Amino acid sequence: MSKREITVVRTTNGKARPDPNHLGFGKYFTDHMFVMDYDRENGWHSPRVIPYQPITLDPATMVFHYGQTVFEGLKAYHSQDGRTLLFRPEKNVERLNRSCSRLNIPEVEEEAFLSGLKTLIQVDRDWIPTTEGTSLYIRPFILPTETNLRVAPASSYKFVIILSPVGSYYPEGINPVGINVEKQYTRAVLGGTGTAKTAGNYCAGYKAQQKASESGAAQVLWLDGIEKKYIEEVGSMNIFFKIDGEVVTPQLNGSILEGITRMSIIELLQEWGIPVTERKISFDEFVKAYQEERVEEVFGTGTAAVISPVGEFRYQDTKYLINNRQTGDLSKKLYETITGIQTGKIYDEFGWTVEVKSSGM
Ligand SMILES: *Cc1c(COP(=O)(O)O)cnc(C)c1O
């Protein structure tokens, strides 16, 4: 057998399906996982779908010490006509490889990633929930497996994909949230790892998230790490402002993560003829526009929620209420269009969706 052919070992011990009305996020995992290995001699090899199981590693394995890891996040959707759809998965491969490059991890071929993912989904297809708003969250990740405490890139890795049926992000309808403007902690700086989906970026945000939660806010507004002036992201989402009919999002500046939802929204707005600009935007500029009553809508964007409207910003003792804490018309239209394309309800004129055909197996 060639070292690139995907082998499949099915479980003899399938799990019970969780209640589709109480899935939550990332709590349940399917019966199988995809794994392939890397070493210097063979490159990425031995792609396989195996029963979902623990990864057992020596305590000196590099993953436990220096955080040389990357991950991705995307979803598979069950369409009304029974198809399984992915949304722009090749963009996730490109981004994974940019993350790999930043973390000195060997890149993965698009074909190896996508064929592994499709085979895994074919095996676990009946785990894709079909209730409105639900989907199958896909978590690809790479970890170093070399046993060594030397501070240097590892010589061996595992690429793994696990699948988790997830519930509707908005079981009670879209709900604008409160956001705490963070002036003390920084998510990422120019030259750091902010543009990569790597573990350390996320735990570095926990302190600020804790502060936000304690003040009753849902998420953190991240400002640039140098001047603490320019808006970068909201929680682990990109951010958009609609001011005076124009949509503005912070330009990719070397510390912002390039979201695929962000990219898709920019392309949609351009298609609709709504002015959209990627540029620097400071919190002071927001405050000025707010005082002049020119701020119409603010929303975060990401795979999990698609669109998450901001209901208010809190900065020190001041609250800035946005659109009277209501979901704006543009936020609604973007949410409906993107989720409509993802689930096959709206015709995909962009060619964004990729069907996972039934396996011939
Ligand atoms: C993943 C992520 C996003 C959103 O990316 P999508 O591809 O739209 O899901 C935005 N910011 C951060 C920090 C992220 O990790």
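What counts, and where the lines are drawn
- Residues numbered from 1 in each chain as written.
- Predicted model: local features only at pLDDT ≥ 70, side-chain atom pairs only at ≥ 80, totals over all residues.
- Heavy atoms only, no water.
- Helix = DSSP H or I, 4+ residues; strand = E, 2+ residues; numbered from the N terminus.
- Rg over C-alpha atoms; globule rule 2.2 N^0.38 Å.
- Contact = heavy atoms within 4.5 Å.
- Buried < 20%, exposed > 50% of the residue type's maximum accessible area, 1.4 Å probe, protein only.
- Patch = residues over 30% accessible without salt bridge, like charges linked within 9 Å, V, L, I, M, F, W, Y side chains within 5 Å.
- Areas by Shrake-Rupley, 256 points an atom, 1.4 Å probe, with all protein chains shown as cover.
- Salt bridge = Lys/Arg side-chain N within 4 Å of Asp/Glu carboxyl O.
- Axes fitted to C-alpha atoms, helices over the stretch in contact; angles between N-to-C directions.
- Parallel < 35°, antiparallel > 145°, perpendicular 65-115°, else oblique.
- Nonpolar A, V, L, I, M, F, W, Y, C, P; charged D, E, K, R; others polar.
- Pairing = 2+ DSSP bridges.
- Left-handed = near helix turned anticlockwise from the far one by under 90°.

The next thing to look at is the overall build of the chain. For the chain, the helix and strand inventory stands at 8 helices and 18 strands. Relative to the globule expectation of 21 Å for 361 residues, the C-alpha radius of gyration of the chain, 21 Å, shows essentially globular dimensions. In terms of overall dimensions, the chain has a C-alpha envelope of 70 × 50 × 35 Å along the principal axes. A separation threshold of at least 6 residues defines the contact pool for the chain, and within that pool the share at least 24 residues apart is 70%.

Moving on, we get to unusual backbone geometry. Of note in the backbone geometry, E293 takes a positive phi value of approximately 55° without being a glycine. Tracing the backbone shows E293 in the loop between α7 (283-291) and β15 (295-302). E293 sits in the exposed class, given a relative accessible area of 73%. You will see that Q316, though not glycine, has its phi angle at about 50°, which is positive. By the element assignment, Q316 lies in the loop between β16 (306-315) and β17 (318-321).

On the surface, Y66, L149 and V151 cluster together to form a nonpolar patch covering roughly 320 Å² of accessible area. In this fold, Y66 is placed in helix α1 (residues 63-66). Classification of Y66 by relative accessible area gives partly exposed; the value is 40%.

Taken as a whole and assessed by the stated rule, the structure comprises 22 salt bridges. One salt bridge in this structure joins K158 and D37, with 3.1 Å as the shortest N-O distance. Of the two residues, K158 sits in strand β8 (residues 156-166) while D37 sits in strand β2 (residues 32-39), which places them 121 residues apart along the sequence. For K158, a relative accessible area of 18% gives the class buried. For R83, the salt bridge identified is with D81, shortest N-O distance 3.2 Å. A relative accessible area of 29% places R83 in the partly exposed class. Residues joined by salt bridges that share partners form a network here, namely D244, K288, E292 and R294.

Moving on: the packing of helix α6 (residues 260-272) against helix α8 (residues 329-342). In contact at an axis separation of 11 Å, α6 and α8 are set at 110° when each is read in the N-to-C sense. Compared by their axis directions, α6 and α8 come out roughly perpendicular. On α8, the residues that touch S264, I265, L268, L269 and W272 of α6 are L330, K333, L334, T337 and I338. When its residues are assigned to classes, the contact of α6 with α8 shows 7 nonpolar, 2 polar and 1 charged.

This brings us to the pairing of strand β13 (residues 246-250). The buried fraction of β13 amounts to 4 of the 5 residues, a majority that puts the element mostly inside the structure. Here 3 bridges tie strand β12 (residues 238-243) to β13, and the two strands are oriented antiparallel to one another. Bridged to F241 within β13 is V248. Between β12 and β13, which pair antiparallel one after the other, the connecting turn spans 2 residues, and D244 there sits at a positive phi close to 55°. Bridge count for β13 against strand β14 (residues 276-279) is 4 bridges, and the pairing is parallel.

What follows deals with the packing of helix α2 (residues 89-102) against helix α3 (residues 110-123). Between two packed helices, what matters for the description is the angle formed by their axes and the separation of those axes. Two numbers describe how α2 lies on α3: the axes approach to 10 Å, and their chain directions differ by 130°. Comparing the axis directions of α2 and α3 gives the class oblique. As for the relative orientation of α2 and α3, their crossing is right-handed in sense. Each of P89, E90, V93 and L96 in α2 lies in contact with α3, whose residues at this interface are E110, F113 and L114.

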